[in-house]
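Remarks on the overall topology
The residues making up each chain are set out below.
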Amino acid sequence: MGSEVGWKVGGKQGEGIDSTGEIYAIALHRMGYYVFTYRHFMSLIKGGHTNYKIRAADHVLRHHGDDVHVLVAFDQTTIDVNWPELVDGGIVIYDSSSFQAKKPDDRDVHLLGVPLTEIAKEAGNPIMKNMVAIGVSAAINELPPEEFRPVVQDKFGRKGQQVVEANMTALSRGYAYFQERSRVRFPLPAKPDLQGKDHLYASGNQATGFGALAGGCRLLAAYPITPATEIMYWVLQHFPKYGGVVLQAEDEIAAINMAIGANFSGVRAMTSTSGPGFSLMMEALGLAGMSETPVVIVDVQRSGPSTGLPTKTEQSDLNEAVYGTHGEIPRIVLTPRTVEECFLLTAEAFNLADHYQCPVIVLSDLYLGMSYQSIDGFPVQAVRYDRGKLLSEEELAQLAKSGYQRYDASVADGISPRALPGQKHGRYVALGNEHNGTGLEVEDQETRVNQMRKRQRKLAGFQHFTGVSVEGPDNAPYALVGFGSTWGGLEEARAALAEAGLTVKHIHFSRVWPFPEAEFHAAMDGVRLALVTELNATGQLKQLIRQQAGYHDRLHSCLKFNGDPISLREIVDSAYQTFPMGVFN
Amino acid sequence: MATMVDYKAEKATWCPGCGDFGVLNALQKACVNLGLEPEQVVVVSGIGCSGKISQHFGGYGLHALHGRSLPAAQAVKLANRHLTVIAAGGDGDGFGIGMGHFIHAMRRNIDITYVVMDNHIYGLTTGQASPTSDVGAKTKTSPAGTVEQPIAPLQLALAQNCSFVAQGFSGNIKQLVSLIERAIQHKGFSFVNVFSPCVTFNKVNTYEFYKEHLVNLDDDPTYDPRDRVAALRRVAEANNILVGVIYEDPDRPSFEESLRGYPAEPLVRQDIALQAADYAALLETFR
Ligand SMILES: Cc1ncc(C[n+]2csc(CCOP(=O)(O)OP(=O)(O)O)c2C)c(N)n1
Ligand code: SF4
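Predicted model only: the values in this text are computed from it and were never measured. (Residues numbered from 1 in each chain as written. Chains lettered and ligands numbered in written order. Predicted model: local features only at pLDDT ≥ 70, side-chain atom pairs only at ≥ 80, totals over all residues. Heavy atoms only, no water.)

This next bit is on the overall build of chain A. From N to C terminus, chain A includes 20 helices and 21 strands. Its C-alpha radius of gyration of 26 Å places chain A within 12% of the 25 Å reference for a compact globule of 585 residues. In terms of overall dimensions, chain A has C-alpha extents of about 90 × 65 × 45 Å along its principal axes. Each of the 585 residues in chain A was classed as buried or not, and the buried ones make up 63%. Here chain A displays about 20600 Å² of accessible surface, and carbon together with sulfur accounts for 50% of that area. Separation of charge centres in chain A, based on 53 positive and 66 negative side chains, amounts to 2 Å. (Helix = DSSP H or I, 4+ residues; strand = E, 2+ residues; numbered from the N terminus. Rg over C-alpha atoms; globule rule 2.2 N^0.38 Å. Buried < 20%, exposed > 50% of the residue type's maximum accessible area, 1.4 Å probe, protein only. Areas by Shrake-Rupley, 256 points an atom, 1.4 Å probe, with all protein chains shown as cover. Lys, Arg positive; Asp, Glu negative; His and termini not counted. Charge placed at Lys NZ, Arg CZ, Asp CG, Glu CD.)

Another aspect to go through is the side chain of His464(A). Relative to the assigned elements, His464(A) resides in the loop between helix H16 (445-457) and strand S16 (468-471). The contacts of His464(A), once residues within four sequence positions are left out, are Glu348(A), Leu352(A), His355(A), Tyr356(A), Arg384(A) and Arg511(A). (Contact = heavy atoms within 4.5 Å.)

Right, let's get into the site of ligand 2. Around ligand 2 lies a shell formed by Trp14(B), Cys15(B), Cys18(B), Cys49(B), Asn119(B), Cys198(B), Val199(B), Thr200(B) and Phe201(B). Here the shell around ligand 2 is built from residues that sort into 7 nonpolar, 2 polar and no charged. (Near = heavy atom within 4 Å. Nonpolar A, V, L, I, M, F, W, Y, C, P; charged D, E, K, R; others polar.)

Residue-level contacts link 49 residues of chain B with 64 residues of chain A. Of the roughly 4800 Å² buried where chain B meets chain A, counting both sides, 64% is carbon and sulfur surface. Among the residues chain B hides against chain A, the three largest losses belong to Tyr60(B), Ile272(B) and Phe286(B). Together they make up 18% of the total. Remark: the boundary between chain B and chain A carries 4 salt bridges. Linking chain B with chain A are 22 residue pairs in polar contact (both at pLDDT 80 or more), by the criterion used here. Secondary structure elements with two or more residues in the side of chain B that touches chain A: helix H2 (53-57), strand S2 (60-63), helix H3 (69-79), helix H5 (99-108) and helix H11 (276-284) of chain B. When the residues that make up the side of chain B that touches chain A are grouped by side-chain class, the tally is 27 nonpolar, 12 polar and 10 charged. Across 3 bridges, strand S15 (residues 429-431) of chain A lies against S2(B) in parallel orientation. (Buried area = accessible area lost by both parts, 1.4 Å probe. Salt bridge = Lys/Arg side-chain N within 4 Å of Asp/Glu carboxyl O. Polar contact = N/O pair within 3.5 Å; in protein donor to acceptor, adjacent residues only side chain to side chain. Pairing = 2+ DSSP bridges.)

Right, let's talk about the environment of Gly127(B) for a bit. All names here are of chain B. Take Gly-127: it is sitting in the loop between strand S5 (121-122) and strand S6 (128-129). A residue is classified by how much of its surface remains accessible, and Gly-127, at 5% relative accessible area, is buried. Separated by 156 residues in sequence, Gly-127 and Leu-283 place their C-alpha atoms 59 Å apart. When residues no more than four places from it in sequence are discounted, the contact partners of Gly-127 are Ile-121, Tyr-122, Thr-139, Lys-140 and Phe-201.

Turning next to the packing of aromatic side chains. One pair of aromatic rings is described through two measures. These are the centre distance and the angle between the planes. One pass over the full model with this rule turns up 35 aromatic pairs over all chains. Between the aromatic rings of Phe95(B) and Phe102(B), the centroid separation amounts to 5.6 Å while the plane-to-plane angle is 50°, which identifies the pairing as tilted. The class for Phe95(B) is buried, based on a relative accessible area of 3%. The ring of Phe41(A) is capped by Arg39(A), whose NZ or CZ atom sits 4.2 Å from the centre of that ring. One cation-aromatic arrangement involves Arg181(A) over Tyr177(A); the distance from NZ or CZ to the ring centre is 3.6 Å. (Phe/Tyr/Trp six-rings, centres within 6.5 Å; stacked < 30°, edge-to-face > 60°. Lys NZ or Arg CZ within 6 Å of the ring centre and 35° of its normal.)

Right, let's talk about the sheet that holds strand S4 (residues 113-118) of chain B for a bit. Pairing in this open sheet of 9 strands is mixed, and the strands run S15(A)-S2(B)-S1(B)-S3(B)-S4(B)-S8(B)-S7(B)-S10(B)-S9(B) from one edge to the other. One side of each edge strand has no neighbouring strand; the edge strands of this open sheet are S15 of chain A together with strand S9 (215-216) of chain B. Strand direction decides the pairing type here: strand S7 (residues 164-169) of chain B and strand S8 (residues 190-195) of chain B, joined by 6 bridges, are parallel. Considered in S8(B), the bridge of Gln167(B) is made with Asn193(B).

Another point: the confidence of the model for chain B. Looking at chain B as a whole, its pLDDT mean stands at 97, while 100% of the residues score no less than 70. Across the interface, the model reports ipTM at 0.98; the global pTM reads 0.98. (pLDDT = per-residue confidence, 0-100.)

Before going further, it helps to spend a moment on the packing of helix H7 (residues 204-214) of chain A against helix H13 (residues 339-356) of chain A. Residue and element names in this part refer to chain A. Relative orientation of the contacting elements H7 and H13 amounts to 30°, with a least axis distance of 7 Å. Accordingly, the angle class assigned to the pair H7 and H13 is roughly parallel. Handedness of the H7/H13 crossing: right-handed. Side by side, H7 and H13 meet where Gly-204, Ala-207, Thr-208, Phe-210, Gly-211, Ala-212 and Ala-214 of the first sit next to Val-339, Cys-342, Phe-343, Thr-346, Ala-347 and Phe-350 of the second. Classifying every residue of the contact of H7 with H13 by side-chain character gives 9 nonpolar, 4 polar and no charged. (Axes fitted to C-alpha atoms, helices over the stretch in contact; angles between N-to-C directions. Parallel < 35°, antiparallel > 145°, perpendicular 65-115°, else oblique. Left-handed = near helix turned anticlockwise from the far one by under 90°.)

Turning to the packing of helix H17 (residues 487-499) of chain A against helix H20 (residues 568-578) of chain A, a few remarks are in order. All names here are of chain A. Between H17 and H20, the least distance of the axes is 9 Å, while the angle of their chain directions is 55°. Considering the angle they form, H17 stands oblique to H20. The interaxial crossing formed by H17 with H20 has right-handed handedness. For the pair H17 and H20, contact is made by Gly-489, Leu-490, Glu-492, Ala-493, Ala-496 and Leu-497 and by Leu-568, Ile-571, Val-572, Ala-575 and Tyr-576, respectively. Broken down by class, the residue content of the contact of H17 with H20 amounts to 9 nonpolar, 1 polar and 1 charged.

A general feature of soluble globular proteins is that nonpolar side chains tend to end up buried together. Membership of the largest hydrophobic core comes to 104 residues, with the highest contact counts inside it found for Phe520(A) and Phe191(B). Ranked by residue count, the leading element in this core is helix H9 (residues 252-265) of chain A, at 8 residues. Setting aside residues no more than four positions away along its own chain, Phe520(A) makes contact with Val468(A), Val481(A), Ile507(A), Phe509(A), Phe515(A), Ile545(A), Ala549(A) and Tyr551(A). (Core = buried A, V, L, I, M, F, W, Y, C linked by side-chain atoms within 4.5 Å.)

So, about the domain arrangement of chain A. All names here are of chain A. Domains assigned within chain A are domain 1 (4-181), domain 2 (201-382), domain 3 (389-465) and domain 4 (468-583). Taking only C-alpha atoms into account, the centre of domain 1 sits 35 Å from that of domain 4. If you look at the interface, domain 1 gives 9 residues, while domain 4 gives 11 residues. Summing both partners gives a buried area of about 750 Å² for domain 1 against domain 4, and 46% of it is carried by carbon and sulfur. Summed over the three residues of domain 1 that lose the most area to domain 4, namely Arg-62, His-63 and Asp-66, the buried surface amounts to 59% of that side. For the interface between domain 1 and domain 4, the tally reads 2 salt bridges. For Glu-492, the salt bridge is made with Arg-55, and the minimal N-O distance between the two is 2.5 Å. One can count 5 residue pairs in polar contact (both at pLDDT 80 or more) joining domain 1 with domain 4. Taken together, the residues that form the side of domain 1 that touches domain 4 break down as 1 nonpolar, 4 polar and 4 charged. (Domains from an automatic or database assignment.)

Put into structure tokens, the structure is as follows:
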């Protein structure tokens, strides 16, 4: 693994911390590095501590990393809060025009005051203090100021060339100030060879929106909620070019019912939300299941319960996704592991929904959804289209002779073909009441049992794409197990453990329902102890595995639910505590 | 051309004499008169006795959740703008649990028609107070008489600037047919509230009651349904007990007309597959 740099900027919310981080991240990305960003923010607009972490390297990153080498602090709180992440020999740059910084002396960290606001004022406007900070950072990371020009041009070009030049001046002065006063350097590695690579910068939420468009979704109904709203922003920007509709619903109940209505009409539609909104959708989830109407629901999880920690990450909606709604319905729950999978699994969700005529839930989370990162392209060639059993008018005319049954319970695979409103000979009523084959509400017991069995049968033997990935040696006695967004962290931890001599494999779910039982059993072959790592308090994945696959005595938990994403160190430490070194190795 | 026979579906399961028979009949007749084939019409209904109308209508139907006919119906329409979409349900369905959607549907002005079968009672759940029950109405959940003020659906719709507002009575089918026809023809969201007596659980708001008290705007040639302020006054004066087209604004642009990029051809007919050039342009936005 090449060398890397951890950089962080922090201050009060509303001070432009985000845009500082964003400019630096995009600049590093455009220079050809790989970045992974993580935004720490609070559910308020002004005040409160916020910070923006960038990890930069010469290879694809899947985690924001534990270490900070360079910390740019706009207030003392930033130093206090982020101190534990600073490495020995690291450097803190603080705005000496606004405060006199103090630091604990438990570690050898350089502390350098730079009059960021003062320099910005001299360059024309104190507001440009963040550009001065970027200039200072450029000096520390040994990046020539001119390399920032394209990004500065993009960001400020609209405001006129003068503003661009002023910002470039602020940046250069920060650079020069530091060059003259300090020898501390954290150079970035040599630029990687990007030949043949599609070097892209995206967040999971953007990828989800892109996946929806690519997957044929042409109607999104949603209600704003952190951390899912960015999906709506992306879709709003691109859907109109493809005739797609974005509806800002009055609430999440409306949103999902709209998505169901459009799907009933034959248009691929979805809703995107987070925990509180997902809870409001439970009744309609059942309607989709009962009426066999396709629908895609994206839940970008955040810390619950209730309003919880609205701007913090968690993986605690697993139970709700797998079990939520009264009664029993067929459903599919996908848990993308990466930005690329946010794209592909969202696109695929529409095929599954159409094919199985049931709701498909895509469980992402704040960490995956809101972290921007550099990737080597999107798997666009893997996108396919399967509209499932849709009847043509000719087929319907043929069926009409014996009487078309929308909910024909006698079909072997349980999937009875659909007609779409407007088609001749296809008239039927989709409904949430129990019904007979033609869609009439009935209560007779035999019909009820047959229809329940029909719906349940649809997912029997579900085989679509792998639900479990396995990394590491086949015969490893230990396993790290997770689902969704923790893939990157677990994978990096596994590599670190392997380097330290601990043979561990990494088993990860990108689909939790239908539970990929056979795949999981195969993955667990030879595993004596497994550490199920998940961001919730009750071990929901562990419970699901126990229930579906067993292994009661072999499963241990590594749980985190304080709102922060899991660190590499936490995984590694937990692994050391769980897996006896040398016993099985 | 479709006739009433083409709209015949299963025999309705309402109590003999239920006002909902009249609404069903009027809706079918209006569709026939407008030359609509049954497969071009989708009835999206909520839950209640009234909600069964989608199953009895004879076109395509989506028998949706209690209170949620409107969100579903609006998207059914956006997905296929060639369809005629009717949302329908009871007063509990629309003004109780589904009230929020009603207000927002009026704001949005998507070209659908909303028919409420207003019987001032919860029928299917056997006789509880409804949001339109009069003060003092004795029901199973208000044994001493309701104390809450009833919802005033017409005034609410007028206040929200609903682009078409009408009220009918299932005891006057001829007029109801014409009201529904006009509502369907209206471009934008149209609302038809129908007094549809529940003969089993409401012994106050009966056919006789309406026959005796209803003011019919059709009898007043001076009434101008384009004047919203006058409409508000007229509804208040009649204490809501009136029928006819209360208000219409034929010039208001519908949601579909105002939506950026919304195609003239139904969405459902668009090719969903992205091409290489699409991907090239989209990937460019991630650099
Ligand atoms: C979420 C939910 N809550 C409660 C019910 C029970 N329920 C069914 S119909 C109904 C009210 C029916 O009254 P109304 O909408 O006025 O229709 P009517 O039967 O009078 O035509 C209720 C409360 C339900 N189906 N769903
Ligand atoms: S209970 Fe009332 S509303 Fe329901 S079918 Fe009977 S008469 Fe009609």
